[in-house]
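These are the residues of each chain, in order.
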Amino acid sequence: MNEIDEHFRGNDEQPTVNSRFICTANHGFAPYAQEELRRLFGSVKSTVLVAGEVLLVTLPDETISAVDQIKAHAPMFLRHLFPVQFQEEGSSVEAALSRLASFVMNRSELQGQILSVQVRKTNDSHWEESAGALKQAIMDKLADAAFDFAVRGADFVLSLFVAKDFWYAGISRADDNLSDWSGGAVRFQKEEGQVSRAKFKLLEAEAAFGIDFTVFRKALDIGAAPGGWTSFLLERGLQVTAVDPARMDSSVLQSPRLTFLRKNAGEVKFRDSEFDVLVCDMSWSPKQMAKLVTGLLYSLARGGSAIVTVKLMHKKPLALIQDVISSFEQAGMQVQQAKQLFHNRDEITLYMIKYS
Ligand SMILES: C[S@@+](CC[C@H](N)C(=O)[O-])C[C@H]1O[C@@H](n2cnc3c(N)ncnc32)[C@H](O)[C@@H]1O
């Protein structure tokens, strides 16, 4: 089977429009991504391709409209998706590659455009080499095509997922995939002397939520040790007050723009509206965290931003997140986005603005 006809008739002979997507969430969170889709579309058919992580999903709507609805609702757990417009099953690798190449060559909208090729595969895939080698094999097959290749900032993305001997592919705008990283797996280079991997979370939040940290002047960092987030805020030129009963890394403590309070966040006091940004990555129960942070919101100026991670220690994360969001809303915060970033493990990140 090659290209999939999205229009087919159901048992009642009424025309039914469906679309299929490869959907990806952080490991263990695919059921919540599926639940988000179910709440949006009612009926969602899905097949697990990688347990807890990657699903082949059928939605009862055409591709463009389904993608528009998903984007409009900014899902928390659905990290990445691409439309399945090409499927190959049970063929040799060489035959699958040739058919995929002709599927791509026949897409007239790609003429003169820049294409990014993103390839993922399961461990039991019949392509035994790396995903990178498969990407190169595809690009070699497309060498005579009338378009150029780029890794980032391309006009279109060719996404391929190979599971056993099933090949699923689609061509879409990066923006329609929710992320322009393959599978939404955002990669940052580890820096020499980087204080903690936690820094990647704030770097990813900056990009995902489009936050310009350089416009802020004074930051409060709650649960700051060993200092990855603090080092990020210092690099963006801010004055930082960091609060944590644990030790900060000595490299961070050298900054003259840092005030470190080696205390529990329940014991500190600040002036009203002292800060224009508050961040919190405290490892504590989400309800206790919300209580502590809302108790310190007097120190955040009106219009100020807050970036807070919510640890999902609970069996029902969707209900827990709703409770935490309600606590913040009652305390005068407006949630701009709630999202499980790639660098979030068993947590999500809230981006909020103080409106009163
Ligand atoms: C995940 S670490 C933070 C990592 C940090 N964002 C970084 O980039 O290096 C969580 C921190 O929360 C702190 N923490 C837990 N409960 C706290 C409390 N009640 N008040 C202040 N800090 C707390 C812990 O001591 C720990 O250092």
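As the structure is a computational prediction, the values presented were derived from the model and not from experiment. (Residues numbered from 1 in each chain as written. Predicted model: local features only at pLDDT ≥ 70, side-chain atom pairs only at ≥ 80, totals over all residues. Heavy atoms only, no water.)

Caption draft 1: Inspection of the packing of aromatic side chains at higher detail. Considering all chains together, one arrives at 11 aromatic pairs under this definition. The interplanar angle of 45 degrees and the centroid separation of 5.9 Å between the aromatic rings of Phe29 and Tyr32 together place this pair among those described as tilted. Overall, Tyr32 belongs to the partly exposed group, its relative accessible area being 22%. Three or more aromatic residues link up through ring pairs in this structure, and these residues are Phe29, Tyr32 and Phe77. (Phe/Tyr/Trp six-rings, centres within 6.5 Å; stacked < 30°, edge-to-face > 60°. Buried < 20%, exposed > 50% of the residue type's maximum accessible area, 1.4 Å probe, protein only.)

Caption draft 2: Just the domain arrangement of the protein chain, in detail. When its domains are assigned, the protein chain resolves into domain 1 (1-185) and domain 2 (199-354). Centre-to-centre, using C-alpha coordinates, domain 1 lies 35 Å away from domain 2. Contacts between the two partners involve 13 residues from domain 1 and, on the opposite side, 15 residues from domain 2. For the pair domain 1 and domain 2, the two sides together bury roughly 1200 Å², of which 63% comes from carbon and sulfur. There are 3 residue pairs in polar contact (both at pLDDT 80 or more) connecting domain 1 and domain 2. (Domains from an automatic or database assignment. Contact = heavy atoms within 4.5 Å. Buried area = accessible area lost by both parts, 1.4 Å probe. Polar contact = N/O pair within 3.5 Å; in protein donor to acceptor, adjacent residues only side chain to side chain.)

Caption draft 3: Fine view of the pattern of salt bridges. Considering all chains together, one arrives at 17 salt bridges under this definition. Taking the shortest distance from any N to any O, the salt bridge between Arg236 and Glu206 comes out at 2.8 Å. Note that Arg236 is positioned in the loop between α6 (228-235) and β13 (239-243) and Glu206 in helix α5 (residues 199-209), a separation of 30 residues in sequence. One salt bridge connects Lys311 with Asp281, and the closest N-O pair in it is separated by 3.1 Å. (Salt bridge = Lys/Arg side-chain N within 4 Å of Asp/Glu carboxyl O. Helix = DSSP H or I, 4+ residues; strand = E, 2+ residues; numbered from the N terminus.)

Caption draft 4: Summary view of the site of the ligand. Surrounding the ligand, one finds 19 residues, the nearest of these being Gly228, Trp229, Asp244, Ala265 and Asp281. In the environment of the ligand, an oxygen atom lies 2.7 Å from a nitrogen or oxygen atom belonging to the side chain of Asp244. Taking Asp281, its side chain carries an N or O atom lying 2.9 Å from a nitrogen atom of the ligand. Taking 600 Å² as the accessible area of the ligand by itself, protein coverage stands at 84%. Its residues assigned to classes, the shell around the ligand comprises 11 nonpolar, 6 polar and 2 charged. (Near = heavy atom within 4 Å. Areas by Shrake-Rupley, 256 points an atom, 1.4 Å probe, with all protein chains shown as cover. Nonpolar A, V, L, I, M, F, W, Y, C, P; charged D, E, K, R; others polar.)

Caption draft 5: View of the UniProt feature "domain: Ribosomal RNA methyltransferase FtsJ" (unreviewed entry) in the protein chain. Under the present numbering, the feature "domain: Ribosomal RNA methyltransferase FtsJ" (unreviewed entry) in UniProt falls on residues 195-283. This span, residues 195-283, is 26% helix and 22% strand, and a straight line between its end C-alpha atoms measures 17 Å. (UniProt positions renumbered as here; feature names shortened; annotations may be inferred.)

Caption draft 6: Structural detail: helix α1 (residues 30-41). The first and last C-alpha atoms of α1 sit 16 Å apart over 12 residues, in line with the 16 Å expected at 1.5 Å per residue. Every buried residue belonging to α1 is among Ala30, Ala33, Glu36, Leu37 and Phe41, and all of these are buried. One face of α1 carries all of its buried residues, which in axial projection span an arc of 115 degrees. Gly42, located one to two residues past α1, shows a positive phi value of around 80 degrees. (Expected span 1.5 Å × (residues − 1). Arc of directions from axis to C-beta.)

Caption draft 7: A look at the sheet that holds strand β10 (residues 156-163). Spatially, the 5 strands line up as an open sheet ordered β7-β11-β10-β8-β9, and their pairing is mixed. With partners counted over all chains shown, the strands left at the sheet margins are β7 (86-89) and β9 (148-149), one partner each. Sheet topology note: the β7/strand β11 (residues 166-172) ladder contains 4 bridges and is antiparallel. Considered in β11, the bridge of Glu88 is made with Trp167. Running at roughly 15 degrees to β11, helix α3 (residues 93-105) makes contact with β7, β8 (114-121), β10 and β11 of the sheet. (Pairing = 2+ DSSP bridges. Axes fitted to C-alpha atoms, helices over the stretch in contact; angles between N-to-C directions.)

Caption draft 8: Quick look at unusual backbone geometry. In this structure, the amide linkage connecting Ala225 to the following residue, Pro226, adopts the cis form with an omega of 5 degrees. Within the element layout of this structure, Pro226 appears in the loop between β12 (218-222) and α6. Within the chain, Ala74 stands out as a residue other than glycine whose phi angle is a positive 35 degrees. Here Ala74 shows up in the loop between α2 (63-72) and β6 (80-83). For Lys164, which is not glycine, the phi torsion reads 50 degrees and is therefore positive.

Caption draft 9: Just the pairing of β10, in detail. Counting buried residues along β10, 8 of its 8 residues qualify, which places the element largely inside the surrounding structure. Relative to β10, β8 is paired through 7 bridges, and the arrangement is parallel. Bridged to Ser116 within β10 is Val157. Between β10 and β11, which pair antiparallel one after the other, the connecting turn spans 2 residues, and Lys164 there sits at a positive phi close to 50 degrees.

Caption draft 10: The environment of Ala150, seen in detail. Residue placement: Ala150 occurs in the loop between β9 and β10. Along the backbone, Ala150 and Ile114 are 36 residues apart, and their C-alpha atoms lie at a distance of 6.4 Å. Once residues within four sequence positions are removed from consideration, Ala150 is found in contact with Ile114, Leu115 and Ser116.

Caption draft 11: Spotlight on the packing of helix α8 (residues 286-295) against helix α9 (residues 317-330). Packing of α8 against α9 leaves a shortest axis separation of 10 Å and a crossing angle of 10 degrees. Relative to α9, the element α8 lies roughly parallel. For the pair α8 and α9, contact is made by Pro286, Lys287, Met289, Ala290, Val293 and Thr294 and by Leu320, Asp323, Val324, Ser327 and Phe328, respectively. Grouping the constituent residues of the contact of α8 with α9 by class yields 7 nonpolar, 2 polar and 2 charged. (Parallel < 35°, antiparallel > 145°, perpendicular 65-115°, else oblique.)

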